[in-house]
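Below, each chain spelled out in residue letters.
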Amino acid sequence: MELSSILKPNAVRVIGAASSKKRLFQEITDLAEVSLKLDAQEMLEALLERESLGPTGVGHGVALPHARLKGLDQVAGVFVLLEKPLDFGAVDRQPVDLAFALFAPEDAGVEHLKALALVSRTLREQSVCTKLRANPDPTKLYAILTESHPLQAA
């Protein structure tokens, strides 16, 4: 599995700031509605429901919100770079400025987990995160995320 099979160029955005986690999720779902052609409100509710189980801020400024949805036929992602980091309730209590949201079909057991592991491995690489934070251009962000990275096993 490659990130380019999950993330499309039109699913990457830079936003100035989000006033709350819910507002960030609204930005994500608005972008996903355009790129995935799914209902933003349904995606927002699914993200909030998953987040209620525990924060998806994984540390080092990275959040990996994810949800399962009806009507989706394959795993798809949306990436957002925040110019102003947001208090996200991450495990290390650091604010989040990189958010990669994943949406999976309701019955996508192992594919959802493989995609989550791939995104997690990619964003655990300090060099990748440094490049992302230094390039506030969606085209460059997409290129950085989808280029081959020598990643270690999860």
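Quantities reported herein were computed from a predicted structural model and do not represent experimental measurements.

1. A short note on the overall build of the protein
Piece 1. Of the regular secondary structure elements, the protein holds 5 helices and 6 strands.
Piece 2. When its helices and strands are written in sequence order, the protein yields β-α-α-β-β-β-β-β-α-α-α.
Piece 3. Relative to the 2.2 N^0.38 estimate, which gives 15 Å for 154 residues, the radius of gyration of the protein is 14 Å and therefore close to what a compact globule would have.
Piece 4. Judged by the C-alpha coordinates and their principal axes, the protein covers about 35 × 35 × 25 Å.
Piece 5. Counting across all 154 residues of the protein, residues that qualify as buried make up 48%.
Piece 6. Within the protein, residue pairs in contact and separated by at least 24 positions form 71% of the contacts whose partners lie at least 6 positions apart.
Piece 7. For the protein, the exposed surface amounts to about 7,800 Å²; the carbon and sulfur share of it is 50%.
Piece 8. Counting 17 positive and 20 negative side-chain charges, the protein places the averaged centre of each group 4 Å from the other.

2. Overview of the packing of helix H4 (residues 126–134) against helix H5 (residues 138–146)
Piece 1. Taken N-terminus to C-terminus, the directions of H4 and H5 make an angle of 170°; their axes are 9 Å apart at the nearest point. With respect to each other, H4 and H5 are oriented roughly antiparallel. Contact with H4, carried on its side by Val-128, Lys-131 and Leu-132, involves Leu-141, Ile-144 and Leu-145 of H5 and no other residues of that element.
Piece 2. Residues of the contact of H4 with H5, tallied by class, amount to 5 nonpolar, no polar and 1 charged.

3. Here we look at the pattern of salt bridges
Piece 1. Summed over all chains, the structure comprises 6 salt bridges.
Piece 2. Put simply, Lys-114 and Glu-111 hold a salt bridge, and the shortest N to O gap is 4.0 Å. Of this pair, Lys-114 and Glu-111 both sit in helix H3 (residues 109–124), 3 residues apart, which is roughly one turn of that helix.
Piece 3. A salt bridge links Glu-147 to Lys-131; the shortest N-O distance between them is 3.4 Å. With Glu-147 in the segment after H5 and Lys-131 in helix H4, this pair connects stretches of sequence that are 16 residues apart.
Piece 4. Judged by relative accessible area, Glu-147 falls into the partly exposed class, the value being 34%.

4. A few points about the environment of Val-80
Piece 1. Inspection of the secondary structure assignment puts Val-80 in strand S5 (residues 76–86).
Piece 2. Note: C-alpha distance between Val-80 and Ala-90 (10 residues apart in sequence) is 16 Å.
Piece 3. Once you skip the residues sitting within four places of it in the chain, Val-80 turns out to touch Arg-13, Ile-15, Leu-24, Ile-28, Leu-31, Asp-97, Leu-98 and Ala-99.

5. As for the layout of surface pockets
Piece 1. The calculated volume of the largest pocket comes to roughly 190 Å³.
Piece 2. Of all the elements in the fold, those that place two or more residues in the lining of the largest pocket are helix H2 (40–51) and strand S4 (66–69).
Piece 3. Counting residues per element, the lining of the largest pocket draws most heavily on H2, which supplies 5 residues.
Piece 4. Residue classes in the lining of the largest pocket are distributed as 4 nonpolar, 2 polar and 7 charged.

Conventions and cut-offs
- Residues numbered from 1 in each chain as written.
- Predicted model: local features only at pLDDT ≥ 70, side-chain atom pairs only at ≥ 80, totals over all residues.
- Heavy atoms only, no water.
- Helix = DSSP H or I, 4+ residues; strand = E, 2+ residues; numbered from the N terminus.
- Rg over C-alpha atoms; globule rule 2.2 N^0.38 Å.
- Buried < 20%, exposed > 50% of the residue type's maximum accessible area, 1.4 Å probe, protein only.
- Contact = heavy atoms within 4.5 Å.
- Areas by Shrake-Rupley, 256 points an atom, 1.4 Å probe, with all protein chains shown as cover.
- Lys, Arg positive; Asp, Glu negative; His and termini not counted.
- Charge placed at Lys NZ, Arg CZ, Asp CG, Glu CD.
- Axes fitted to C-alpha atoms, helices over the stretch in contact; angles between N-to-C directions.
- Parallel < 35°, antiparallel > 145°, perpendicular 65-115°, else oblique.
- Nonpolar A, V, L, I, M, F, W, Y, C, P; charged D, E, K, R; others polar.
- Salt bridge = Lys/Arg side-chain N within 4 Å of Asp/Glu carboxyl O.
- 1 Å grid on protein atoms, 1.4 Å probe; cavity = no way out; pocket = protein on both sides within 12 Å on 5 of 7 lines; lining within 4 Å.
- Points joined across faces, edges and corners; volume = space filled by probe spheres on them.

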